[in-house]
Every structure is written in structure tokens, then in C-alpha cells.
Amino acid sequence: MADVPFKPQSLSRRRFLVVVGGSGALLLSGRLGVGRSLAAESTSNEQLTDKAPADGPARSRVQVVNVESGFVDATSWQGELLTLRPGPSSGMIVRAELTEVDYKVDVPDGFAGRCLGAHGKLLIIGGHRVVHTNTTTFEAGTSYESLLAQAGPEAALLTMQLERPVVRAYQHEFVERFPALLVTQDLREWKHFDVPIQEGTGGSFGAVLERGGVLAADHYAFAEVPDSVVEASLISFADAVGGRVTTVRDAIPLDHGALWGASDTGTNDLVVVVDRVGIRGYDNTKQVLLSLDGDHKLLGVNPEDGHLKAAVKTRDGAHEIKKFRSGLEKETTTLADTVLIKHRISPDVTIAAPDGKHALIPHTNIAQLTTVSPQT
């Protein structure tokens, strides 16, 4: 689609799941051209959804927007619904879902995008930048045969090998990953910010928590080793673009894993992490509101009917909804493959897509990136 100047406008009702008639049926319409009826409780033009999923009947009006598959994150900004999606090659685009316009993102060399969010007039893409920082050459040393001759009786079996390793020099490239942001005010010009969480370490931004202007980042003990993540750090967005790193909440522990992303419970932010322990969702007091084992792939999180609902894909490929209340799993329901997966992105907007939210832009995973920028 053409890249045209961005013009903010009101959200279009024709893109929403609209409650129609006194029967309380939801009619799904929009870009997918699909009609579907779902149970509902209201006769207004907005879906009525639980505001406090775990604690009571308080409610707020939530707009549910149907989008195409493949989005990595989404936000509502200046009257538009925007999704972060893969672009040509390893690039990215921001799609205005209501006007159906794609905006190319000016991506610095080595940048990998993981999350999208808004803070005031600013639109933010968070991720990391892969940087070639140094090269070390390991010279060839003593030959293998000489080493065997000096090794004594214990090396007798090794001397019978038909093939011997060849000792040669080795050049090691130091490729490190540092948290980085792209920020825009108009969807045309993007400013790049490197945001070192701590000197001598690395990381990658994986979520924007819009309620408090907070950035969540995977924090690596060693910038060269993505698997050295020690925690999810939570820092101030406003300070980050000002060149300062200010911790605004206690870090979330991680054990050989990474941030999956963020959601909204209807009352506060939810930070979701995935590691070898499993999948966990933390609110802003570090209370665990959902917990799943590692056999599941998370597709979306949505507060509804007094529960926090996690849409997952099981090991055998089935889609399920797991309902949580006060952090405890209460019920599991199997979904048909054709049911759209919901993911709440803000207090009043939920995204519905065939395969839910993705965790990363394809071809720009944390461990590898084909384009590496030189040291700056």
C-alpha cells in the first residue's frame, strides 16, 4: 500500500465488533469480510466488558477491532489503531488499520523491532540493535600430534584416530545486542535512541506499558549472549528518550527466557514473560495473574466475564482458552480453529485476529540478525 501523510481521524465503527439488536448478538465485520455471531450482554454500539476481571462487577466499554493475522504489537494513537508488522525483507511497517495504509519504518542497520506503544504525542517501537563491536584472533598453537605426544598414556586411544583435527587460527566476531527505540511524531520521520540499561550489559525492549509510560526490557548479563538474560527491567520511557535510565518498578526475574509482551487487565498493565519455568503474567505490583507451563504457546490475553483469559496453542496444535481468577486457573475451553484470538492492548481496545499476537518480527529474532551495524 502507498505511504501517504498521516491524517488522524476518529475510529470507524464499521471496523468494530458491534452489538446489534435486543438479542445481544455481536456481528463481526471489517477487513476480513467475515460475519460471526457471538453472545453479548449489551444493546449499545460498544462491547460491554469487565473492567476488574478478578475483583468485581465494575465495567468499562471496550472496542474490539478485527485485524489481519501477523501483527506483533498494537496501540491506539491519535484516533487510529496501529499495528506493528513485518515489512519487506527484514524490515517493518506500521499499519493504520482503519484507513488501511501501511507506513514504512526507517530502520537503522541491525535494528530488530519487538513492541509498539504510545506515550502522549509520541509513537514508540522498541527492540534492540545488533552491533559488531570487536574482533579477536586466536592464533594457531601447538599441533594436535605434538599435544598427543605430551599427553601420556591417557591419550593412547586418541593416537589411533584415522582423522585428526587441524589446528588453525580463529577469528571471533563480537556481535552484541543493546536496547534501542525508534520514536516518531508523524509516522514519517523516525528518531533512533540507544538506551543502555547498565554499562557493560545488553538487552532488548519487549513491551511498552502505556498506563505508566514504562518500557520493559530483557536485560542481558553479557551483551553478546542473549541467553544470559537475568531479568526484565522496567524503566521510564520519558527518561529513556532523554538519555537517562530510571527504574520505575522492581525487576521481574527470568530464567533462560524473554519477554513475550504486554497486555491490559482492565485495571492495570500486565507484563508477560516466557522462560524455562513457563509463561507468567505480572501486574504492576508483581502479582502473578496467569501462569502456564512451557508446553503452551501464548497467543493473546483478554479480561472478560470476570476472568483473565489466556488464548494458547497446545503442543498438538489445538487452540484453547484458559481462564484465570486471582492468579488461579479455573477452566479450560477448546476453541475451533476459525475463532478469532483476542488480545487486550489498552484499557479500552482489544485486537481480534486469526492467530493472535506474535512475539517478534519474523527474521529478526533475538539470537540472530542478518544485518549487523558497525561499532558506533
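Preceding this section is the structure that the text describes.
Residues numbered from 1 in each chain as written. Predicted model: local features only at pLDDT ≥ 70, side-chain atom pairs only at ≥ 80, totals over all residues. Heavy atoms only, no water.

(A) Seen up close, the overall build of the protein chain. Counting its secondary structure elements, the protein chain contains 2 helices and 28 strands. For the protein chain, the proportion of its 376 residues judged to be buried stands at 50%. Look at the contacts in the protein chain between residues 6 or more apart in sequence, and 53% of them connect residues 24 or more apart. Of the roughly 17,400 Å² that the protein chain leaves accessible, carbon and sulfur atoms contribute 51%. (Helix = DSSP H or I, 4+ residues; strand = E, 2+ residues; numbered from the N terminus. Buried < 20%, exposed > 50% of the residue type's maximum accessible area, 1.4 Å probe, protein only. Contact = heavy atoms within 4.5 Å. Areas by Shrake-Rupley, 256 points an atom, 1.4 Å probe, with all protein chains shown as cover.)

(B) Broad picture of the sheet that holds strand β17 (residues 247–253). Spatial ordering of the open sheet is given by β14-β15-β16-β17, a layout of 4 strands whose pairing is antiparallel. Edge positions in the sheet fall to β14 (202–209) and β17, since each has one partner strand and no second. Shown here is a sheet whose adjacent strand axes are inclined to one another by a mean of 25 degrees, direction ignored. Examined bridge by bridge, strand β16 (residues 229–236) and β17 share 4 bridges and lie antiparallel to one another. (Pairing = 2+ DSSP bridges. Axes fitted to C-alpha atoms, helices over the stretch in contact; angles between N-to-C directions.)

(C) Quick look at the side chain of lysine 323. Here lysine 323 shows up in strand β24 (residues 319–325). Among residues more than four places away in sequence, those in contact with lysine 323 are His307, Leu308, Lys309, Leu328, Glu329, Lys330 and Glu331.

(D) Broad picture of the pattern of salt bridges. The tally for this structure, following the rule as stated, stands at 18 salt bridges. Salt-bridge contacts for aspartate 102 lead to arginine 95; the nearest nitrogen and oxygen are separated by 2.7 Å. The same class applies to aspartate 102 and to arginine 95, which are both buried. For the salt bridge of arginine 315 with aspartate 295, the shortest nitrogen-to-oxygen distance reads 2.5 Å. (Salt bridge = Lys/Arg side-chain N within 4 Å of Asp/Glu carboxyl O.)

(E) Molecular detail of unusual backbone geometry. One non-glycine residue, aspartate 305, lies in the positive phi region at around 55 degrees. Tracing the sequence through the fold places aspartate 305 in the loop between β22 (297–304) and β23 (307–313). Residue aspartate 305 is classed as partly exposed on the basis of its relative accessible area, which comes to 47%. Positive phi values are uncommon outside glycine, yet serine 326 reaches one of about 55 degrees. Of note, serine 326 is situated in the loop between β24 and β25 (328–335).

(F) Spotlight on the sheet that holds strand β21 (residues 288–292). Taking strand neighbours across the sheet as the criterion, the 4 strands line up as β18-β19-β20-β21 in an open arrangement whose pairing is antiparallel. Since the sheet does not close on itself, it has two edges, and those belong to β18 (258–264) and β21, each with one partner. Taken pair by pair, the neighbouring strands of this sheet meet at an average axis angle of 20 degrees, ignoring direction. Looking at chain direction, strand β19 (residues 269–275) and strand β20 (residues 278–282) are connected through 5 bridges and run antiparallel.

(G) Just the pairing of β16, in detail. Across the 8 residues that make up β16, a large majority, 6, are buried. Where strand β15 (residues 214–220) and β16 come together, 7 bridges link them in antiparallel fashion. Within β16, the position partnered with leucine 215 by the bridge is isoleucine 235.

(H) Structural context of the nonpolar core. Ranked by size, the top nonpolar core spans 20 residues in total, and within it Leu82, Met92, Val94, Leu123, Ile125, Leu187 and Trp190 carry the most contacts. Mapped onto this core, the elements with two or more residues apiece are β7 (80–86), β8 (92–96), β9 (101–104), β10 (111–119), β11 (122–138) and β12 (170–184). Apart from residues no more than four positions distant in its own chain, leucine 82 is found in contact with Asp73, Ala74, Thr75, Trp77, Val94, Arg95, Ala96, Leu116, Leu123 and Leu187. By size, the runner-up hydrophobic cluster in this structure holds 15 residues, among which are Val214, Leu259, Val273 and Tyr282. (Core = buried A, V, L, I, M, F, W, Y, C linked by side-chain atoms within 4.5 Å.)

(I) Structural context of the packing of aromatic side chains. The full count for this structure, using the stated rule, is 1 aromatic pair. Relative to tyrosine 170, the ring of phenylalanine 138 has its centre 6.1 Å away and its plane inclined at 25 degrees; by these criteria the two rings are stacked. Note that phenylalanine 138 is positioned in strand β11 and tyrosine 170 in strand β12, a separation of 32 residues in sequence. We classify tyrosine 170 as partly exposed; its relative accessible area is 46%. It is lysine 357 that lies over the ring of tryptophan 260; its NZ or CZ is 4.5 Å from the centre. (Phe/Tyr/Trp six-rings, centres within 6.5 Å; stacked < 30°, edge-to-face > 60°. Lys NZ or Arg CZ within 6 Å of the ring centre and 35° of its normal.)

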